[in-house]
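# Coordinate inspection notes
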Amino acid sequence: MSDEASLAQNVAQGLSQIPKTLSSRFFYDAKGSQLFQQIMALPEYYLTELEYQIFKKQRKEILYAFGTQAPFQLIDLGAGDAYKTKLLLQELVDQEAHFSFIPLDISQEPLHQLVEELGHLYPHLPVTGLAADYFQGLHWLNEHSKDRKLVLFLGSNIGNFSPVEAEGFLLKLRSSLAPQDRLLIGIDLRKDPRKIRLAYDDSAGVTAAFNLNLLARINHELQADFDLDQFEHFAEYNPISGTMRSYLVSRQNQEVHVKALNRTFHFEAWEAIHTENSHKYSLREIQEMAKRCHLAIDDVFTDASHGFADVLLRP
Ligand code: AVI
């Protein structure tokens, strides 16, 4: 199914139900990916900085725990600009490790840029960019190489699944790993609820623009007539469930026509579309989740404030 067809399907289904939903998977068109890069540099969005600190201070320990003697593949699921992964790459190049780097992303454009940049930085490093979804990519790799793998799933990407979906994802991921492979997952930890909420409702309004861009994308790709001024970003953290939820709220009673679907959707005043979950975990919840997914925890690396964890798992 093409991305456009699945967007159409998501919109048709999601806007027909109550409550209305749209999947955060569709945030990342060219503009959305660019806005996400800006989010990662915001002072409120602590996640990137905390994980960067973990890699900066503990990259040697992380790589030692994995074991870099035999040739291996470093696979980055949802690589983006590989801001944090570059710390590992530099360390591995310094150690003269035998490895290849495989960044995988659903967005073609940032992947292109990354592969080009790495070609300049590390001319001798074999880099293969894969524009694919996670499982297509892993399937391709299993068919093409028998090398040991370190699979990275960083940046709290796992938080964009509900806990039930996250377990399904980890189980599926596990089934594509050999016993000697390892998985390193970056997970945002539970913390002061106010700090979490601010990270998803920044004062410069970049996260609001990122959320609203989903409607702009539907306008472009499915010829819809969303008036972006008549919707607003709203983000709320629930400290009991650990879920940060983002919404787009209709400011008024209105109709939106989506030409590609030949459908009109009605919005009540203050009706919300749920667009994203960003789930936060405690270390205990991570242990329980790993156990249910038959993954053993080899090591847990956290930053000094215990706000973020990178967890090394074995199948
Ligand atoms: C990509 N993902 C981990 C981000 C998050 O924190 O959930 C996406 C994001 N949404 C709003 N701000 C950032």
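The name an unreviewed UniProt entry gives the protein chain is Histidine-specific methyltransferase SAM-dependent domain-containing protein, with Rufibacter radiotolerans as the organism.

Here we take up the sheet that holds strand β13 (residues 308-314). As summarised here, the arrangement of the seven strands in space is β4-β3-β2-β5-β6-β13-β12, forming an open sheet in which the pairing is mixed. The open sheet is flanked by β4 (130-131) and β12 (296-302), the only strands paired with a single partner. One ladder, built from five bridges, connects strand β2 (residues 72-77) with strand β5 (residues 148-153); its direction is parallel. The residue bridging Q73 from the neighbouring strand is K149, located in β5.

The subject of this paragraph is the site of the ligand. The immediate surroundings of the ligand are formed by 13 residues, with Y45, N160, Y200, E276 and S278 found nearest. The side chain of N160 places a nitrogen or oxygen atom 2.8 Å from an oxygen atom of the ligand. S278 is positioned such that a nitrogen or oxygen atom in its side chain is 2.7 Å from an oxygen atom of the ligand. Starting from 340 Å² of accessible surface for the ligand in isolation, the protein chains cover 98%. With respect to the pocket detection grid, the ligand is positioned in the largest cavity. Counting only elements with at least two residues in the shell around the ligand, the list comes to α2 (30-40), α9 (206-222) and β11 (272-279).

Ordered by their spatial adjacency, four strands build an open sheet running β1-β11-β8-β7, and the pairing between neighbours is mixed. The open sheet is flanked by β1 (20-21) and β7 (231-238), the only strands paired with a single partner. Where β1 lies against β11, two bridges are found, and the strand directions are parallel. Among the inter-strand pairings, T21 is bridged to a residue of β11, identified as H274.

Across all of its chains, the model carries 16 salt bridges by this definition. Between D298 and R182 there is a salt bridge, with the nearest N and O atoms lying 3.2 Å from each other. Note that D298 is positioned in strand β12 and R182 in strand β6 (residues 182-188), a separation of 116 residues in sequence. A salt bridge links R190 to E285; its shortest N-O distance comes to 2.9 Å.

Attention now goes to unusual backbone geometry. Going from I18 to P19, the amide bond is cis rather than trans, its omega being -10°. Secondary-structure assignment places P19 in the loop between α1 (3-14) and β1. In the Ramachandran plot, H294 falls in the positive-phi region, its phi being about 55° despite a non-glycine side chain. When you line up the elements, H294 lands in the loop between α10 (283-292) and β12. On the basis of relative accessible area, H294 is assigned to the exposed category, the value being 52%. Unusually for a residue other than glycine, H306 sits at a positive phi of about 55°. Within the secondary structure, H306 is located in the loop between β12 and β13.

Before going further, it helps to spend a moment on the side chain of H279. For H279, the position within the fold is in strand β11. Among the polar contacts listed, one links the side chain of H279 to the backbone oxygen of S241, at a separation of 3.4 Å. Setting aside residues no more than four positions away along its own chain, H279 makes contact with S156, G159, F161, P163, D188, S241, G242 and T243.

Attention now moves to a nonpolar patch on the surface. A cluster of nonpolar residues, L283, I297 and V300, forms a patch on the protein surface that exposes about 200 Å² of accessible area. Within the secondary structure layout, V300 lies in strand β12.

This paragraph deals with α2. Inspection of α2 places G32, S33, L35, F36, I39 and M40 among the buried residues, and these make up the whole buried set. Considered in projection along α2, the buried side chains sweep an arc of 160° and stay on one side of the axis. In this structure, the buried residues of α2 make contact with α3 (46-66), α5 (108-121) and α9.

What counts, and where the lines are drawn
- Residues numbered from 1 in each chain as written.
- Predicted model: local features only at pLDDT ≥ 70, side-chain atom pairs only at ≥ 80, totals over all residues.
- Heavy atoms only, no water.
- Pairing = 2+ DSSP bridges.
- Helix = DSSP H or I, 4+ residues; strand = E, 2+ residues; numbered from the N terminus.
- Near = heavy atom within 4 Å.
- Polar contact = N/O pair within 3.5 Å; in protein donor to acceptor, adjacent residues only side chain to side chain.
- Areas by Shrake-Rupley, 256 points an atom, 1.4 Å probe, with all protein chains shown as cover.
- 1 Å grid on protein atoms, 1.4 Å probe; cavity = no way out; pocket = protein on both sides within 12 Å on 5 of 7 lines; lining within 4 Å.
- Sits in = over half its atoms within 2 Å of the grid points.
- Salt bridge = Lys/Arg side-chain N within 4 Å of Asp/Glu carboxyl O.
- Buried < 20%, exposed > 50% of the residue type's maximum accessible area, 1.4 Å probe, protein only.
- Contact = heavy atoms within 4.5 Å.
- Patch = residues over 30% accessible without salt bridge, like charges linked within 9 Å, V, L, I, M, F, W, Y side chains within 5 Å.
- Arc of directions from axis to C-beta.

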